[in-house]
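One letter stands for each residue in the lines below.
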Amino acid sequence: MIKFIFKAILRDKNRSLLPVIVVALGVFLTIALSGYLSGMLGDMVEQTARFQTGHVKVMSKAYADNVDQMPNDLALLGIYELHEELNADFPDYKWVNRINFGGIIDAPGENNTSKGQGPAMGMAIELFSKSSGEVARMNLENSLLSGKIPEKSGEALLGYEFANKLGVKVGDELTFMGSTMNGSMAFSVFKVSGTVRFGSSAMDKGTVLIDFTDAQQILDMEDGTGEILGFYKDEIFMQEHAVETKVAFNAKYAIDTDEFAPIMKTLADNSAMGMYLGLVDSVAGMFVFIFILIMSIVLWNTGLIGGLRRYQEFGIRLALGEEKGHIYKTMIYEALLIGIIGSVVGTALGVTVTLLMQTYGIDISGMLKDATMMMPSVLKSKFTPQLLYIGFIPGVIAMVIGNMLAGIGIYKRETATLFKELEV
Amino acid sequence: MKHLIILLLSVLSVKQIQAQHAIAILNKVDANINSKTSIIKSDMIIYGRRNSRTITSIGYAEGNSKSFSEYLAPEREKGTKMLKLENNLWIYSPSTDRTIQLSGHMLKQSVMGSDLSYEDMMENRKLTEMYNAKVVGEEIIDGRKTWVLQLNAKVDDASYDSRKVWVDTERYVPLREELYAKSGQLLKKTELKDVKKIDGRWYPTKINYKDMLKDGKGTDFVVLEIKFNAEIPLYIFSKASLKK
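Below is a short write-up of the structure. Worth saying up front: this structure is predicted, and the values here are computed from it rather than measured. (Residues numbered from 1 in each chain as written. Chains lettered and ligands numbered in written order. Predicted model: local features only at pLDDT ≥ 70, side-chain atom pairs only at ≥ 80, totals over all residues. Heavy atoms only, no water.)

### Quick look at the overall build of chain B
Moving on, step 1. For chain B, the helix and strand inventory stands at 3 helices and 13 strands.
Moving on, step 2. Against the 2.2 N^0.38 benchmark of 18 Å for 244 residues, chain B shows a C-alpha radius of gyration of 20 Å, consistent with a compact globule.
Moving on, step 3. Each principal axis of the C-alpha distribution contributes one length, and for chain B these read about 75 × 40 × 35 Å.
Moving on, step 4. Residues classed as buried in chain B amount to 49% of the 244 residues present.
Moving on, step 5. Here the contacts in chain B between residues at least 6 apart in sequence split such that 44% fall between residues at least 24 apart.
Moving on, step 6. Element-wise, carbon and sulfur atoms account for 52% of the exposed surface of chain B, whose accessible area totals about 12,500 Å². (Helix = DSSP H or I, 4+ residues; strand = E, 2+ residues; numbered from the N terminus. Rg over C-alpha atoms; globule rule 2.2 N^0.38 Å. Buried < 20%, exposed > 50% of the residue type's maximum accessible area, 1.4 Å probe, protein only. Contact = heavy atoms within 4.5 Å. Areas by Shrake-Rupley, 256 points an atom, 1.4 Å probe, with all protein chains shown as cover.)

Following this line, the structure appears as structure tokens:
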């Protein structure tokens, strides 16, 4: 019977073309939008992990309570031992030190004047340590607009918009003024080794990037760090694993009442990131729900129109003695086949567009000129195996439900009035 | 109608008398606190969560537009100098042999992790030049009777839009201050203690500044030595003195 119905679908284009287009379009939109949103939100999460939070982060308890203020006076001390402990207990992670600090950057002009000055968002990472993987993690090689990555102490990278604002170029000297961990005045002179497009407008406008050991020296943080970031192997965030790591680590320090004892947080503990991760997870479910709801209504309507068009055909089939249940069943089989054809077409189109978007993306850097939050300047889709069924199954289900609803009318036909209706 | 006019005039007169009274109080406060020149040796005690630090400095001031300070201890800060001329501030660091000029919103940054901003350190204008005042009550602080004055900025460049000042009714010295932003948010609190008579004027020799946006016990400013109207050589208030 399937073969018979399939032939009917192919031969009677009026019966199948519109539903196939509707299903294909719905499936395509579901896949393309779901892939795009997952990609966009996933990029934001990954970018935040690389620049700010890591997959897990170790801080002192006091620092964690005031993390937004970059309170280096509350920094972690005794980090050599802490690293040994982390590497032994959680070898699946790569542990790196980071110090975030604030201050003023001054570009000296002639005769003790300033040619440019501005508040700086300082970031110290393990630039000189090859094993840290920080240069690759921050994608610094590809983000360099001029100069080179710092190779020796006293060199700094500058966000390219910050460099433009200060009027400095590669090789120029800068004076940094800030506070040490103990609150003393910190003065230091840096040479600009290069300018970088971080891909985040907020960072491009005010970030100075230096090596971790330089920051330790300037800020009087010997054997100390603001944060220790942990990145899971292959740099992929695994939320459940991160939570397990956090619980195991924090259990060791649960009874330690020292406010400077270490505490671990996961990326999802950051309130904004938790929300994004929740969104990433719920985006697919949200789309499927909306898709099934809208498509069922649309296909119910399409089914009704088809039912009206085939009113006479059903009448003749009933008059010839075919059972109502049989007609209803063939109609559902037909819907199933049309749903499958439409879903295959829609899935193929959706996956193709998603893969193209994953490769090329949409450059929105022009729209981020005044942005103050960290977000990627190229929006990309993300292909996941989930996309292969996220539209397909709902596409078929919506078509079947739509036709089931529309086909109920068959049972309302009275055999006694059929001949009158058919004007025989 | 006649009664209403009399009532209105009475209310206006009371308000005017209150304002005049407040200005008279502020004039006496200014007379105690301000002088033509001053040389102050002081300790700034900064209370941190981990430890406390004491920074010793000597400051020279002339009128309300010139001041110069040099940090004497600890070793890490020794030789750091600040010069203020009008609205400009220069900071010299001996370790880098660099001078940085600060201006605009940079002056709102904290000085050496303390609860004072550069703007707070620089501010030595008379209160009567910057604020309109009225007496809003009376309170007892540490056993001393005080007038509570509400000060509202009458100039655009005042560091704080409004202040509440508790002034000792006998010695005309502020014992407490609350500093507010334009939004009405309380930004800083100061407690002034150890009031001593120096050169015929009452002067608080211990001031605790508390930045209300920060945790902690605040910063103490302790006057070790003070000379009013002393002769200060002109070169002190020049940029050349920064590198001397």
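Moving on from the coordinates now.
### Structural notes on the overall build of chain A
Moving on, step 1. Check the secondary structure of chain A and you find 16 helices and 14 strands.
Moving on, step 2. For chain A, whose C-alpha radius of gyration is 31 Å, the value lies well above the compact-globule estimate of 22 Å for 424 residues.
Moving on, step 3. Expressed as lengths along the three principal axes of its C-alpha atoms, the size of chain A is roughly 105 × 55 × 30 Å.
Moving on, step 4. Taken across its 424 residues, chain A has 51% of its residues classed as buried.
Moving on, step 5. For chain A, the proportion of contacts with a sequence separation of at least 24, taken over those separated by at least 6, is 77%.
Moving on, step 6. Carbon together with sulfur atoms contributes 61% to the accessible area of chain A, which is approximately 20,000 Å² in total.
Moving on, step 7. Taking the average place of the 35 positive charges on the side chains of chain A and the average place of its 46 negative ones, the gap between the two points comes to 15 Å. (Lys, Arg positive; Asp, Glu negative; His and termini not counted. Charge placed at Lys NZ, Arg CZ, Asp CG, Glu CD.)

### A look at the packing of helix 13 (residues 324–360) of chain A against helix 15 (residues 392–407) of chain A
All names here are of chain A.
Moving on, step 1. Direction vectors running N to C along helix 13 and helix 15 enclose 150°, while the axes themselves pass 8 Å from each other. One finds that helix 13 runs roughly antiparallel with respect to helix 15. Considering only the axes of helix 13 and helix 15, their crossing is right-handed. Of the residues in helix 15, those touching helix 13 at Tyr 328, Met 331, Ile 332, Ala 335, Leu 336, Ile 338, Gly 339, Ile 340, Ser 343, Val 344 and Thr 347 are Phe 392, Gly 395, Val 396, Met 399, Val 400, Asn 403, Met 404, Ala 406 and Gly 407.
Moving on, step 2. Each residue belonging to the contact of helix 13 with helix 15 can be placed in one class, and the counts come to 14 nonpolar, 6 polar and no charged. (Axes fitted to C-alpha atoms, helices over the stretch in contact; angles between N-to-C directions. Parallel < 35°, antiparallel > 145°, perpendicular 65-115°, else oblique. Left-handed = near helix turned anticlockwise from the far one by under 90°. Nonpolar A, V, L, I, M, F, W, Y, C, P; charged D, E, K, R; others polar.)

### Comments concerning the packing of aromatic side chains
Moving on, step 1. Within the structure shown, the criterion is met by 10 aromatic pairs over all chains.
Moving on, step 2. Pairing Phe 90 of chain A with Phe 249 of chain A gives two aromatic rings, centres 6.4 Å apart and planes at 55°, and the pair type is tilted. Of the two residues, Phe 90 of chain A is situated in the loop between helix 4 (79–89) and strand 3 (93–108) and Phe 249 of chain A in helix 10 (residues 239–252); the sequence distance between them amounts to 159 residues.
Moving on, step 3. For the ring pair Tyr 60 of chain B and Phe 68 of chain B, a centre distance of 6.3 Å and an interplane angle of 45° mean the geometry is tilted.
Moving on, step 4. You can call Phe 68 of chain B buried: its relative accessible area is 4%.
Moving on, step 5. Lying over the aromatic face of Phe 228 of chain B, Arg 201 of chain B brings its terminal NZ or CZ to 4.2 Å of the ring centre. (Phe/Tyr/Trp six-rings, centres within 6.5 Å; stacked < 30°, edge-to-face > 60°. Lys NZ or Arg CZ within 6 Å of the ring centre and 35° of its normal.)

### Points about a negative patch on the surface
Residues and elements named next belong to chain A.
Moving on, step 1. Judged by side-chain charge, Glu 81, Glu 84, Glu 222 and Asp 223 come together as a negatively charged surface patch.
Moving on, step 2. By secondary structure assignment, the location of Glu 81 is in helix 4.
Moving on, step 3. The class of Glu 81 is exposed, set by a relative accessible area of 60%. (Patch = residues over 30% accessible without salt bridge, like charges linked within 9 Å, V, L, I, M, F, W, Y side chains within 5 Å. Salt bridge = Lys/Arg side-chain N within 4 Å of Asp/Glu carboxyl O.)

### Looking at helix 12 (residues 311–319) of chain A
Residues and elements named next belong to chain A.
Moving on, step 1. All of the buried residues along helix 12 are Phe 314, Gly 315, Arg 317 and Leu 318. For helix 12, the angular spread of the buried residues around the axis is 165°, confining them to a single face.
Moving on, step 2. A positive phi of about 105° marks Gly 321, the residue just after helix 12. (Arc of directions from axis to C-beta.)

Read these as spatial facts, not as claims about activity.
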